[in-house]
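Below are the chains, spelled out letter by letter.
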Amino acid sequence: MLNKQIKRWGVLTITALTAVSLAACGSNAKTEETVKPSSSSAPASDKPVKLRIVWWGSQARHDATLKALDAYTKKHPNVTFEPEFSGFDGYADKLATQAAAKNAPDIIQMDPAWLAEYSGRNQLVDLSKGINTADIDKSLVDSGKYKDKLYAIPLGNNATGMVFNKNAVDKLGITPPANGWTWDQYFQFGRDAKAKLEKDKYALMDATSDYTVYASYQSSQGKGYPVTVEGKFNLDKDTYLTFVKKYADLRKEGVVPPPDIATTDKESDAKLDLMNNDTVLMKRSFAALFPGYEGVKPGAYKLVTQPKGAQASGFLKPSMFWSISADSKNIEASKAFIDWFVNDTEAADILTTTRGVPVSKKVLDYLTPKLTPADKQQIELIKNVAPDAQPFNPGAKGWSNYTAKDFKDIGEKVMFGKITPEAAYDELVKKAKDYQ
């Protein structure tokens, strides 16, 4: 059973941009017998082991993961867990503090955007041996590498998209969002919805300070990412000003919430997420987050692709990874658990799609007949994004604080009217010099 001293982390602000990877989904249903345990699926010994493990996510992910840990302990009574979990906001700051103090948990849920930072500082274990990755798409496995060494095992296929409250949109009697729509159609949808909404309700999120949305917008204009994978500053001035001024107009029109409301949003929180509490109709999201929304309001939400410009704006990515701390004293036991988590059908039955579409092709084939309509929405989004997805960009080493904190802080100054869009661009250029 789980150690009772479960640590639940506090909720602060979003601190990291997720990254991207190209991977295909498996198909053709097979029987459970086709999924064989790997040679590393059992702990190396029967010596009592307590594994600290940390992750972020929604309540649905927390519940499923805790059940999986219980199931593993039942199979291996000598292995118990000390879980630490929270929402995404504040997770990166806490983990960075622990790692710097050489007190990180044994098993770490790792975001693609941070992988180069932790690997480059020798804070993670090389996982090239001891975990079966034979049934995972090679490009997805490679997304967990840094300088040709494997430091992270992908846990789910994922894609960027937009999630909206279909039930609410249907009641408004307006045309719902659809795959393949454009930015102009997106903004017009917001205006059409606002015309029928109550005064204290809003159609869209204010993305002025959201690096993820802006990066998608700029790349969809054919201008590349604001910070390239090599670490080159590439924030296009005209594109940035157009984007920020568009949202200034939407604020004036009441299409997006005023800044004092917009800045209270806590992603995937059952009460503080502005879509879950019915403050907005739509927001950017990821396929892997959908079970969290579905868990709050079953059947209410739907996923569509992000709007496109001259190019598509969506990208595919590993949803997240498991990594092992270089300071862990339980490396082999941690590897055995990760192998079970990724490759075992018992684990798959418990976890379903709470971390995205399963990465093992055999496990996905086994699980597909059991998937719910909400689970299948994740797979459909991935399929719809894949044909013209933007290229892989995991985030340049050394730039994570810029993309997660500086961009957000400067954007919020614009939202509150403290600086002009032009002054914000100048500040972003000046800040970037600290990272170049």
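This is a predicted model, so every value here is computed, not measured. (Residues numbered from 1 in each chain as written. Predicted model: local features only at pLDDT ≥ 70, side-chain atom pairs only at ≥ 80, totals over all residues. Heavy atoms only, no water.)

**A few points about the nonpolar core**
Move 1: Ranked by size, the top nonpolar core spans 73 residues in total, and within it Tyr 186, Leu 204, Tyr 240, Phe 243, Tyr 247 and Met 282 carry the most contacts.
Move 2: Looking at this core element by element, the count peaks at six residues for helix H8 (residues 237–253). (Core = buried A, V, L, I, M, F, W, Y, C linked by side-chain atoms within 4.5 Å. Buried < 20%, exposed > 50% of the residue type's maximum accessible area, 1.4 Å probe, protein only. Helix = DSSP H or I, 4+ residues; strand = E, 2+ residues; numbered from the N terminus.)

**Thoughts on the pattern of salt bridges**
Move 1: Throughout the structure, instances matching the rule amount to 19 salt bridges.
Move 2: Among the salt bridges present, the one from Lys 145 reaches Asp 142, with a minimum N-O distance of 3.2 Å.
Move 3: Residue classification places Lys 145 among the partly exposed positions, given a relative accessible area of 37%.
Move 4: Its relative accessible area of 27% is what places Asp 142 among the partly exposed residues.
Move 5: With a closest N to O distance of 2.6 Å, Glu 253 and Arg 191 form a salt bridge. Here the residue Glu 253 occupies a position in helix H8, and Arg 191 occupies one in helix H6 (residues 183–194), the gap between them amounting to 62 residues.
Move 6: Since its relative accessible area comes to 37%, Glu 253 is described here as partly exposed.
Move 7: Take Arg 191: its relative accessible area is 24%, and that puts it in the partly exposed class. (Salt bridge = Lys/Arg side-chain N within 4 Å of Asp/Glu carboxyl O.)

**Observations regarding the environment of Ala 347**
Move 1: Summarising the element assignment, Ala 347 is placed in helix H12 (residues 345–351).
Move 2: Counting along the chain gives 283 residues from Ala 347 to Ala 64, while the straight-line C-alpha distance between them is 9.5 Å.
Move 3: Discounting residues that sit within four places of it in the chain, Ala 347 has contacts with Trp 340 and Phe 341. (Contact = heavy atoms within 4.5 Å.)

**Re the pairing of strand E12 (residues 321–324)**
Move 1: The two faces of E12 match: Phe 321 and Ser 323 on one face and Trp 322 and Ile 324 on the other face are all buried.
Move 2: Both strand E4 (residues 107–110) and E12 contribute to a ladder of four bridges, which runs antiparallel. Counted as the bridge partner of Gln 109 is Trp 322 from E12.
Move 3: Relative to E12, strand E7 (residues 153–154) is paired through two bridges, and the arrangement is antiparallel. Residue pairing in the sheet places Pro 154 in a bridge with Phe 321 of E12. (Pairing = 2+ DSSP bridges.)

**Remarks on the packing of H8 against helix H16 (residues 421–432)**
Move 1: Across the interface, H8 lies against H16 with an axial gap of 10 Å and an inter-helix angle of 135 degrees. As the angle between them shows, H8 and H16 are arranged oblique. Our pair here, H8 against H16, has a crossing hand that is right-handed. In this structure, H8 uses Lys 237, Tyr 240, Leu 241, Val 244 and Lys 245 to contact H16, whose residues at the interface are Pro 421, Glu 422, Ala 424, Tyr 425 and Leu 428.
Move 2: Among the residues making up the contact of H8 with H16, the classes are represented as seven nonpolar, no polar and three charged. (Axes fitted to C-alpha atoms, helices over the stretch in contact; angles between N-to-C directions. Parallel < 35°, antiparallel > 145°, perpendicular 65-115°, else oblique. Left-handed = near helix turned anticlockwise from the far one by under 90°. Nonpolar A, V, L, I, M, F, W, Y, C, P; charged D, E, K, R; others polar.)

**Here's the deal with the confidence of the model for the protein**
Move 1: Residues of the protein with pLDDT of at least 70 account for 90%, and the chain-wide mean is 89.
Move 2: Counting interchain partners and residues more than four positions distant, the pLDDT-below-50 stretch residues 1–43 has 135 contacts. (pLDDT = per-residue confidence, 0-100.)

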